[in-house]
Amino acid sequence: MKKIKIINGPNLNMLGNREPEVYGALTLDEIKKSTEKQILKKNIACTLDWYQSNIEGEIVTEIQKTSLAKYDALIINPAAYSHTSIAILDALRLLKIPIIEVHLTNIHGREEIRQTMLTAKAASIIMGGLGKNTYLVAVLATIEL
Ligand code: DQA
């Protein structure tokens, strides 16, 4: 049974309300439930441990805890911190497991401010533009690879 940690950064708790034309109509909880449901339906033996915080230091601490626990992979959407956080980049470098950095949107097709990718420097895989299917596809990639 694979154990996967999923960390979500700032403002992702506001999905559903937050710019639905950009991020879609579903809340993070709805995306979580639909991801879990699809995984069950596909008979994939894995447990997903979800975490969300708006606070950079809390995300750093959660990554540190992940590094000390027994996880097979980390899926992380650092949200706006993807573009700014050396602290999260450094924490990610503690991990010895695959890191899949995901984005709901295709950030490369968006504003200039989103073109700097700091945390992605520590990632094994980066994915974007899959909207509500983001976490499901990231889990499938993790299991396949
Ligand atoms: C995001 C993209 C980031 O640029 C943005 O700040 C987010 C969400 C995404 O999932 O597309 O909060 O990470």
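What you see is a predicted model, and the numbers here were worked out from it, not measured in a lab.

Draft legend 1. A look at the sheet that holds strand β1 (residues 2-8). One open sheet accounts for five strands, arranged β2-β1-β3-β4-β5; its pairing is parallel. Two strands in the sheet have a free side with no partner beyond their single neighbour: β2 (46-52) and β5 (125-128). On average, each strand axis in the sheet is inclined to that of its neighbour by 20°, with strand direction left out of account. For strand β3 (residues 73-77) and strand β4 (residues 99-103), the ladder comprises three bridges, and the chain directions are parallel. The partner of leucine 74 across the bridge, within β4, is isoleucine 99.

Draft legend 2. Just the packing of helix α2 (residues 28-41) against helix α5 (residues 134-144), in detail. It is the contact of α2 with α5, at a shortest axis distance of 8 Å, that shows an interaxial angle of 40°. Classified by the angle between their axes, α2 and α5 sit oblique to one another. Handedness of the crossing formed by α2 with α5: right-handed. Of the residues in α5, those touching α2 at Leu28, Ile31, Thr35, Gln38 and Ile39 are Tyr135, Leu136 and Val139. When its residues are assigned to classes, the contact of α2 with α5 shows six nonpolar, two polar and no charged.

Draft legend 3. Region of the structure containing the nonpolar core. Counting 23 residues, the largest nonpolar core has Leu48, Ile75 and Tyr135 as the members making the most contacts within it. Among the secondary structure elements, those contributing two or more residues to this core are β1, α2, β2, β3, β4 and α5. With four residues, the top contributor of residues to this core is α5. Among residues more than four places away in sequence, those in contact with tyrosine 135 are Ile6, Asn8, Leu28, Ile31, Thr35, Trp50, Ile75, Asn77, Val102 and Leu104. Counting 16 residues, the second-largest nonpolar core is a separate cluster that includes Ile7, Tyr71, Tyr81 and Leu89.

Draft legend 4. Expanded view of the packing of aromatic side chains. Inspection of every chain in the model, using the stated rule, returns one aromatic pair. Aromatic side chains tryptophan 50 and tyrosine 135 sit 5.4 Å apart centroid to centroid with 55° between the ring planes, which places their arrangement in the tilted category. In this pair, tryptophan 50 is assigned in strand β2 and tyrosine 135 in helix α5, connecting sequence segments 85 residues apart. Given a relative accessible area of 0%, tyrosine 135 falls into the buried group. The side chain of lysine 3 reaches across the aromatic face of tyrosine 71, ending 4.5 Å from its centre.

Conventions used here
Residues numbered from 1 in each chain as written. Predicted model: local features only at pLDDT ≥ 70, side-chain atom pairs only at ≥ 80, totals over all residues. Heavy atoms only, no water. Pairing = 2+ DSSP bridges. Helix = DSSP H or I, 4+ residues; strand = E, 2+ residues; numbered from the N terminus. Axes fitted to C-alpha atoms, helices over the stretch in contact; angles between N-to-C directions. Parallel < 35°, antiparallel > 145°, perpendicular 65-115°, else oblique. Left-handed = near helix turned anticlockwise from the far one by under 90°. Contact = heavy atoms within 4.5 Å. Nonpolar A, V, L, I, M, F, W, Y, C, P; charged D, E, K, R; others polar. Core = buried A, V, L, I, M, F, W, Y, C linked by side-chain atoms within 4.5 Å. Buried < 20%, exposed > 50% of the residue type's maximum accessible area, 1.4 Å probe, protein only. Phe/Tyr/Trp six-rings, centres within 6.5 Å; stacked < 30°, edge-to-face > 60°. Lys NZ or Arg CZ within 6 Å of the ring centre and 35° of its normal.

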